[in-house]
Amino acid sequence: MGRAPRSSEDAVHDRIAVLRAERRTSRKELAEAVGVHPQTIGYLERGEYSPSLALALRIARYFDLPVEAVFSLEPLPPLSAELYGRTAR
């Protein structure tokens, strides 16, 4: 598995919660599909834990997306900004 980020520079940002909501997937369903405890998904979504490479790849594969569409070392912009060129209000 991963570990808790040591600093903000070490944090891994993700879109797991957004992707789960879009696909109507619970934390439990995602956790079972990728082989972790549902609590781990919550830790990842809150930025309290950085995923291992293997877990990040399994999560990306679950959503059928490239890993860089789900995870980033920089804060991810809102999907509306990426898809429609809109900025947050």
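Model, not experiment: these values are computed from the prediction.

Asker: Explanation requested: the side chain of serine 72 in the structure shown.
Answerer: Among the secondary structure elements, serine 72 is positioned in strand E2 (residues 71-72). A distance of 2.9 Å separates a polar atom in the side chain of serine 72 from the backbone oxygen of glutamate 74. Contact partners of serine 72, with chain neighbours within four places excluded, come to Ala11, Val12 and His13.

Asker: I tried to follow unusual backbone geometry on my own but got confused; where do I start?
Answerer: Unlike most non-glycine residues, arginine 24 shows phi in positive territory, near 55°. Following the sequence through the fold, arginine 24 ends up in the loop between helix H1 (16-22) and helix H2 (27-34). Given the relative accessible area of 75%, arginine 24 is considered exposed. A positive phi angle is found at aspartate 64, which is not glycine, with a value near 55°. Tracing the sequence through the fold places aspartate 64 in the loop between helix H4 (53-62) and helix H5 (67-70).

Asker: How should I be thinking about the pattern of salt bridges in this particular structure?
Answerer: Any two side chains of opposite charge can pair, so long as their charged atoms come close to each other. Within this structure, the stated rule accounts for four salt bridges. Among the salt bridges present, the one from glutamate 45 reaches arginine 20, with a minimum N-O distance of 2.5 Å. On the criterion of sequence distance, the pair formed by glutamate 45 in helix H3 (residues 38-45) and arginine 20 in helix H1 is long-range, its members being 25 residues apart. Overall, the relative accessible area of 19% leaves glutamate 45 in the buried class. A relative accessible area of 13% means that arginine 20 is categorised as buried.

Thresholds applied
- Residues numbered from 1 in each chain as written.
- Predicted model: local features only at pLDDT ≥ 70, side-chain atom pairs only at ≥ 80, totals over all residues.
- Heavy atoms only, no water.
- Helix = DSSP H or I, 4+ residues; strand = E, 2+ residues; numbered from the N terminus.
- Polar contact = N/O pair within 3.5 Å; in protein donor to acceptor, adjacent residues only side chain to side chain.
- Contact = heavy atoms within 4.5 Å.
- Buried < 20%, exposed > 50% of the residue type's maximum accessible area, 1.4 Å probe, protein only.
- Salt bridge = Lys/Arg side-chain N within 4 Å of Asp/Glu carboxyl O.

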